[in-house]
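Commentary on secondary and tertiary structure
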Amino acid sequence: MDLSIAGASYRITAILLALMFVLTSGCSDSAGSSEVEKAPACAPGEALLGDTPPAPEAVCSIPPSPISSIIETRASEQQSIRDQRRATLQDPSRITIVTCGTGSPIPSARAQSCLAVFVNGQFLLFDAGDRAQNSMENLNLPVTDIDAVFLTHFHSDHIADLGEVISRSWILGRNQPLAVYGGREVEQVVNGFNAAYTADDAYRIAHHGADLFPAVRPATAVVIHDPGPEGSVVYEVDGVRVLAYKVDHSPVATALGFRIEYAGKVVAISGDTIDTPGLRALAASADVLVSEVMNKAVIGEFECAFGRIPDPRLEKIFRDIRTYHIDLPELAGLANDAGVATLVMTHLVPSIEDPAQLDLFFRQPASALYNGALVVAEDGTEVVIALP
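Residues numbered from 1 in each chain as written. Predicted model: local features only at pLDDT ≥ 70, side-chain atom pairs only at ≥ 80, totals over all residues. Heavy atoms only, no water.

1. Section: the side chain of H158
Relative to the elements of secondary structure, H158 occurs in helix α4 (residues 156-159). Judged by relative accessible area, which is 1%, H158 ranks as buried. Among the polar contacts listed, one links the side chain of H158 to the side chain of T152, at a separation of 3.5 Å. Discounting residues that sit within four places of it in the chain, H158 has contacts with S113, D127, A128, G129, L151, T152, H153, D272 and H347. (Helix = DSSP H or I, 4+ residues; strand = E, 2+ residues; numbered from the N terminus. Buried < 20%, exposed > 50% of the residue type's maximum accessible area, 1.4 Å probe, protein only. Polar contact = N/O pair within 3.5 Å; in protein donor to acceptor, adjacent residues only side chain to side chain. Contact = heavy atoms within 4.5 Å.)

2. Quick word on the sheet that holds strand β9 (residues 232-237)
Sheet architecture is open: 7 strands sit in the order β9-β10-β11-β12-β13-β14-β15, paired in mixed fashion. Strand pairing shows two members of the sheet lacking a second neighbour, β9 and β15 (373-376), which therefore form its edges. Adjacent strand axes in the sheet meet at a mean angle of 20° when their direction is disregarded. Sheet topology note: the strand β10 (residues 240-246)/strand β11 (residues 256-262) ladder contains 6 bridges and is antiparallel. The residue of β11 that forms the bridge with K246 is L256. (Pairing = 2+ DSSP bridges. Axes fitted to C-alpha atoms, helices over the stretch in contact; angles between N-to-C directions.)

3. A word on the confidence of the model for the protein
Low-confidence regions, as indicated by low pLDDT, have predicted coordinates that should not be scrutinised in detail. Mean pLDDT over the protein works out to 88, with 87% of the residues at or above the 70 mark. Throughout residues 2-34 the model reports pLDDT below 50, and contacts reaching past four residues in sequence, or to other chains, amount to 93 contacts. (pLDDT = per-residue confidence, 0-100.)

4. Observations regarding the pairing of β15
Where strand β14 (residues 342-349) lies against β15, 4 bridges are found, and the strand directions are parallel. In the strand pairing of β15, T342 is matched with A373. Assessed by its sense of winding, the connection that carries the chain from β14 through helix α12 (residues 355-367) to β15 is right-handed. (Right-handed = clockwise from strand over helix to strand, strands pointing away.)

5. Notes on unusual backbone geometry
Residue P310 is reached from I309 by a cis peptide bond, and omega for that bond is 0°. Here P310 lies in the loop between α9 (296-308) and α10 (312-320). The amide bond that connects V349 to the next residue, P350, takes the cis arrangement and shows omega of 5°. By the secondary structure assignment, P350 is in the loop between β14 and α12.

Below you can see the structure in the form of structure tokens.
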């Protein structure tokens, strides 16, 4: 197994971004296994539209103006970067995992929950918290290629940017239906985002024309019924299987973890949970376990500090959150017991950036209890599994 940590972040200039806003819209259906149920594709809606003005062509000088030449050069460079990035991520000889969001609800410089898995030419996205879409674009992930989105649960730090994921992937050129998998509430969440973007869709179609791209913009909700702690297959395409498992994030009733299986390799994703049979089952003999983690001792210090201020609201919140996340020593022990080859810690609570603190609060205590390869993830961390 080859491990690499990549923090490359390429920003497209404002001029280039503006040139890419060409859109279309529509609703579509999505296939699933016997363990899932297809929900209505999108909520109906209307937008008030005025007349669309004609768009005269720009007068292009020969030779090109300096501004036009700069734009052309930068656009060509960005296209080359994106093409190379796509080819690397879709390399059939490996599975690539990218932590596009490693933060938590506690404010930090990190994007919130976002995990991209590239396997057998497929782009599977797990959760889309605040700033997830921006993070993926900065990392030059091929967002137009997203095949499916899987939501572990419906806390805002896992779904806040879902609307932008759906919309921006379409803005940038997605031309295939997008299925969003999740527990019972996924219908409400997906249909809500579809409805919220109805007017935006209509404006862009009216302005640019519906025949530029196929009408595939809104997402389709795919309901995962209770898979139990033993797990059940919810997605199976071209040899790639995704199994969902019931985990415990009480009072969240529909919290899920996922396990990706392909070519004898396993990527396990915890979701938010405590130590539970479902988590142990999905993690068993995994090549990579990507798990949330909380240092409960440190969070206890937050509670005490807010109690002394006093700030009774935050004092109680920091007390409560310790009941539904896995503690760092518990995770390290579980990963050892499950025979996990590489443990990737994400959704860090507290979400800190200082390398010395990351080492003190996460890496050192985990490595003392876990014998495998250990990664304390940052936004843009990549882990590669070589295939036979």
